[in-house]
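The chain contents come next:
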Amino acid sequence: MKSLARENSPSIKKCAFCKYYYDPVNEVISPKRGQKGIWEFEVNVRKPCKQLSNMDVPSQNACNRFECKI
């Protein structure tokens, strides 16, 4: 299932868009075709977080260590 997020908005502060979420080829996120500034991401994809001792976290989670990678 995919969900949407807007750049420069609180909705982008999800683990899927964080530089600490280990997704080197960005397979979980992609820009929404035909809509500038809108991104989509796969929900419930678990990947390791470098800030949380490589603990697997779902892509839709958020925390106070967020740093945007896009």
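Please read these numbers as outputs of a predicted model, since none were measured by experiment.

Colleague: Could you clarify how one ought to interpret empty space enclosed by the protein in this entry?
Modeller: Rolled over the atoms, a probe as big as a water molecule pinpoints where empty space is left. Taken as a whole, this structure holds one cavity of 30 Å³ or more when the rule is applied. What lines the largest cavity is a set of 13 residues, among which Cys15, Cys18, Cys49, Cys63 and Phe66 lie closest to the centre. Grouping the amino acids of the lining of the largest cavity by side-chain chemistry returns eight nonpolar, two polar and three charged.

Colleague: When you look at the sheet that holds strand S3 (residues 38–42) in this model, what are you seeing that I'm missing?
Modeller: On the basis of which strands lie adjacent, the open sheet formed by three strands has the order S1-S3-S2 and antiparallel pairing. Strand pairing shows two members of the sheet lacking a second neighbour, strand S1 (2–6) and strand S2 (29–31), which therefore form its edges. The mean angle between the axes of side-by-side strands here comes to 30°, regardless of whether they run parallel or antiparallel.

Thresholds, definitions, all that
Residues numbered from 1 in each chain as written. Predicted model: local features only at pLDDT ≥ 70, side-chain atom pairs only at ≥ 80, totals over all residues. Heavy atoms only, no water. 1 Å grid on protein atoms, 1.4 Å probe; cavity = no way out; pocket = protein on both sides within 12 Å on 5 of 7 lines; lining within 4 Å. Points joined across faces, edges and corners; volume = space filled by probe spheres on them. Nonpolar A, V, L, I, M, F, W, Y, C, P; charged D, E, K, R; others polar. Pairing = 2+ DSSP bridges. Helix = DSSP H or I, 4+ residues; strand = E, 2+ residues; numbered from the N terminus. Axes fitted to C-alpha atoms, helices over the stretch in contact; angles between N-to-C directions.

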